[in-house]
Amino acid sequence: MSYKLIDAPLLTADQIRTRVYELAQALESTTNEPLHLVAVLKGSIVFLADLIRAMRGPITLDFIAVSSYDVNVSSGAVQLLKDIDTNIKDRSVVIIEDIVDTGLTLEYIQTLLRSKKPKTLHSVCLLSKPSRRQTKVVIDHVGFEIEDHFVVGYGLDYEQQYRHLPHISVVEVTSKQ
C-alpha cells in the first residue's frame, strides 16, 4: 500500500474550531446536570481536549478503547480493549467519538454503556460518513458529514501518523502493483 496526503484540507482548523465550540454549547444545553464524557481512544483525544475547553459546566472524563479495524479497513467485529473506570449509573453520559463510519463501533459502545444504567446517554462525533453506515445508530450531535474519504488530522491517523495536524485532510491510499 502507498498513500498520498491531499494538499488542500477537507476541513480547516478554523472550521473545526468553530464547529467544536457549537457542539460544546449544544451538549451543555441538553441538561443542567454535570456531564460525564466518555472519549473513544485514540482518535477522539484532540476533539475531546478542544471540546472540554469550550464547555463551562461541570464535567468528568473517562476513556474507552475498542478496535474494529484490520489494517485501516473496518472488520465489522468490535473488540473491547479498555472499559471505562467510573460507575455511570444514574449519570448523564456523553460518548465522544472522532468519526462514525459503519456505525458498528458506536452501536457497540452505546449498548455496553446502556447496560451500566446511565440516567441519559448521548453521543457526539466530529465526523460522520452516512454513506458507509451498516446500522441505524443514533448520533445526537454531528460536527460534519463527509463523503467516503479516508481522512487524517485532528486526532485521526493513518498507521499512527498525521494525528498532529490541526486540520483534516484526505489521504489517497493505493495498492502497489
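Residues numbered from 1 in each chain as written. Predicted model: local features only at pLDDT ≥ 70, side-chain atom pairs only at ≥ 80, totals over all residues. Heavy atoms only, no water.

S.K.: What should I look at first to understand the overall build of the protein in this one?
M.R.: Of the regular secondary structure elements, the protein holds three helices and nine strands. In sequence order, the protein lays out its α and β elements as β-α-β-α-β-β-β-α-β-β-β-β. Against the compact-globule benchmark of 16 Å for 177 residues, the protein has a radius of gyration of 16 Å, which places it among compact chains. By its C-alpha atoms, the protein is 55 × 35 × 25 Å across when sized along the principal axes. A burial count over the protein gives 44% of its 177 residues as buried. Across the protein, contacts joining residues at least 24 apart in sequence account for 66% of those joining residues at least 6 apart. A gap of 4 Å separates the mean positions of the 19 positive and 22 negative side-chain charges of the protein. (Helix = DSSP H or I, 4+ residues; strand = E, 2+ residues; numbered from the N terminus. Rg over C-alpha atoms; globule rule 2.2 N^0.38 Å. Buried < 20%, exposed > 50% of the residue type's maximum accessible area, 1.4 Å probe, protein only. Contact = heavy atoms within 4.5 Å. Lys, Arg positive; Asp, Glu negative; His and termini not counted. Charge placed at Lys NZ, Arg CZ, Asp CG, Glu CD.)

S.K.: Would you explain the packing of aromatic side chains in this entry?
M.R.: Any pair of aromatic rings gets described here by the distance separating the centres and the angle formed by the planes. Going through the model one piece at a time under the given rule, you end up with one aromatic pair. Considering the side-chain rings of Phe150 and Tyr158, the 5.6 Å spacing of their centres and the 90° angle between planes classify their relative orientation as edge-to-face. Classification of Phe150 as partly exposed rests on a relative accessible area of 23%. (Phe/Tyr/Trp six-rings, centres within 6.5 Å; stacked < 30°, edge-to-face > 60°.)

S.K.: Help me understand the side chain of Asp101 in this model?
M.R.: Checked against the element boundaries, Asp101 lands in the loop between β5 (92-100) and α3 (104-114). Of note is the side chain of Asp101, whose polar atom sits 2.7 Å from the side chain of Arg132. (Polar contact = N/O pair within 3.5 Å; in protein donor to acceptor, adjacent residues only side chain to side chain.)

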